[in-house]
Amino acid sequence: MSEAISVHQLQTRQPSHVTVATASLIGTAIEWYDFFLYGTAAALIFNKLFFPTFDPMMGTLLAFATYALGFIARPLGGVVFGHYGDKIGRKTMLYLTLLIMGAATAAIGFLPTYETAGIWAAILLVTCRLIQGFGLGGEWGGAVLMAVEHAPADKKGFYGSWPQLGAPLGLVLGTLVFSVVSALLTDAQLYAWGWRIPFLFSIALVLVGLWIRFTIAESPEFQKVKDTKQEVKMPILEAIRMYPKNILLAMGARFAENGFFYIYATFVLAYATQTLGMNKQDMLNGVLIGAAIETFTIPAFGALSDRLGRRPIYIFGAVFSALMSFPLFMLLGTKNPQYAWIAIVLGLAIGHAAMYGPQASFLSELFGTKVRYSGVSLGYNLASIFAGALSPLIATGLMTAYAPATWPISLYMIALAVITIVSVYFATETRKVAQP
């Protein structure tokens, strides 16, 4: 009787899929704000504050190396939170990931720099970055599953794209806050103390995110698993046993999406300002415009995947991104801010958005409910190590080795796109296929 009452109470409290998708979006935007803020600072600030004894390019390379460490910690976070998310529930894990990310980001705002702490400043920075990555590794899977598993069967692509909006919104918010601080302060003030403000602002955002996530209920699909006591003892091992091919294909599907995004959002900033001598604020504005437009195109491509299928839309995005690899540097090479903005907008709002929009539903639908959090988190986060973590590093290394030529970077970008195209081609179309 008590079980029947609890299920009935749950059903009467069940929020609409719009409410859940909105809550997932806001929470994810806050988490991505924390993560991307580091990337902006790594491209523009950290080389001078934490690695000042190196020449500017080597300092940037080291700053991007610490940036990459956040990705290395993400699979561990995905495994840990995926395990408990498949055993305890999606909602509880989302509280923990938001707290962990917020605490690590705020801590960066209090760190001493190389001038006062020497090498320990860099060590503390790396530690905070690893904690950030651990938290984000568990965040994405829980957020998208809450949206996808609450959504109607014929609109999972559309509502699954809502938490995906957290990435460009987080990038917009992080870039906007950094832009405002940079515009209001002199360079001396920015490097002395102003850079800390965007990181400390995370405290207020996390409190808002926790309050919003408190209002949503557990995923109905996972609740059915709990009510029927079908939880598995080791979800991550079961996911690997049942879906080894799908984990690998999910990884491959992310190579272009993840790698291209960080080239546009972080590497391009460093390349344009340090190599081409373009204005820092102009480039920040370009990323801001591109990410803002992407907040409209991501749900559009997600909705389109409900009509045409996940795979065609995803492959279109990868092909378009590959075709943009050479024009990107041609437009940047003009040193005209407006042309640079066009390159960034096309890369983010069309190429990346076409892959990122259907991605949540596509990857989620590759796995069964009992191991879905573990499976999707593992495939998603493992790819981040080889794509997003390394793309700014590899692009910077190629630029250093072959300067002033940019064609090696373009070829590297095309290679990322080919991996994604092949992976998505061999994956199952999931639009009308429900995993047990």
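For every chain, the first residue of the written sequence is number 1, and numbering continues from 1 onward in sequence order. Where local features are concerned, this predicted model is filtered to residues with pLDDT of at least 70; where side-chain atom pairs are given and counted, the filter is 80 or more; whole-chain, interface and lining totals use all residues. Side-chain metrics in this entry use all non-hydrogen atoms of the structure; hydrogen atoms and water are not considered.

The chain is annotated in an unreviewed UniProt entry as Metabolite-proton symporter from Bradyrhizobium huanghuaihaiense. UniProt positions are given in the numbering used here, feature names are shortened, and annotations may be inferred rather than shown by experiment. What UniProt states about the chain under its Subcellular location (unreviewed entry) heading is, verbatim, "Cell inner membrane".

Engineer: Please clarify how the overall build of the chain should be interpreted in this entry.
Structural biologist: Secondary structure elements are defined from DSSP: runs of H or I of at least 4 residues count as helices, runs of E of at least 2 residues count as strands, and each element is numbered from the N terminus. For the chain, the helix and strand inventory stands at 23 helices and 0 strands. Based on C-alpha atoms, the radius of gyration is set beside the globule rule, defined as 2.2 Å times the residue count to the power 0.38. For 436 residues, the compact-globule formula gives about 22 Å, and the C-alpha radius of gyration of the chain, at 21 Å, lands near that figure. Contact between two residues is taken to exist if any of their heavy atoms lie within 4.5 Å; hydrogens are not considered. Partitioning the intrachain contacts of the chain with sequence separation of at least 6 by distance along the chain shows that 88% fall at a separation of at least 24. In these tables, accessible area is a Shrake-Rupley quantity obtained with a 1.4 Å probe, and a residue counts as shielded only by the protein chains included in the view. As displayed, the chain has an accessible area near 16100 Å², and 72% of this comes from carbon and sulfur atoms.

Engineer: Teacher, can you tell me more about the pattern of salt bridges here?
Structural biologist: Two side chains that carry opposite charge are able to pair once their charged atoms sit near each other. We count a salt bridge whenever a side-chain nitrogen from Lys or Arg sits within 4 Å of a carboxyl oxygen from Asp or Glu. Scanning the model with the defined rule gives 7 salt bridges in all. Here glutamate 149 makes a salt bridge to arginine 90, at a shortest N to O gap of 2.9 Å. Remark: arginine 90 occurs in helix H6 (residues 90–109) and glutamate 149 occurs in helix H8 (residues 119–150); sequence separation between them is 59 residues. Buried residues are those whose accessible area, probed at 1.4 Å on protein chains only, stays under 20% of the maximum for their type, while exposed residues exceed 50% and partly exposed ones sit between those limits. Take glutamate 149: its relative accessible area is 2%, and that puts it in the buried class. Its relative accessible area of 0% is what places arginine 90 among the buried residues. With its nearest N and O atoms 3.1 Å apart, the salt bridge here joins arginine 254 to glutamate 257.

Engineer: Whenever I open this one, the domain arrangement of the chain confuses me. Can you help?
Structural biologist: You'll often see interface size given as the accessible area lost when the parts meet. What marks off one domain from the next here is an automatic or database domain assignment. Once the domains are mapped, the chain shows domain 1 (17–222) and domain 2 (235–426). Summarising the inter-unit geometry, the C-alpha centres of domain 1 and domain 2 are found 18 Å apart. Contact residues are listed per partner, giving 62 residues for domain 1 and 60 residues for domain 2. At the boundary of domain 1 with domain 2, total buried surface from both sides reaches about 4800 Å², with 71% on carbon and sulfur atoms. Here domain 1 and domain 2 share 1 salt bridge between them. The salt bridge involving glutamate 149 is made with arginine 372; its shortest N-O contact spans 3.0 Å. N or O atoms closer than or at 3.5 Å make up a polar contact, with two conditions inside protein: a donor-capable atom paired with an acceptor-capable one, and, for residues adjacent in sequence, both atoms drawn from side chains. The tally of links between domain 1 and domain 2 comes to 14 residue pairs in polar contact (both at pLDDT 80 or more). Taken together, the residues that form the side of domain 1 that touches domain 2 break down as 33 nonpolar, 19 polar and 10 charged. Accessible area that two parts lose when put together, evaluated with a 1.4 Å probe and summed over both, is termed the buried area. Note that Gly is not counted as nonpolar here; it falls among the polar residues with everything else outside the nonpolar set of Ala, Val, Leu, Ile, Met, Phe, Trp, Tyr, Cys and Pro and the charged set of Asp, Glu, Lys and Arg.

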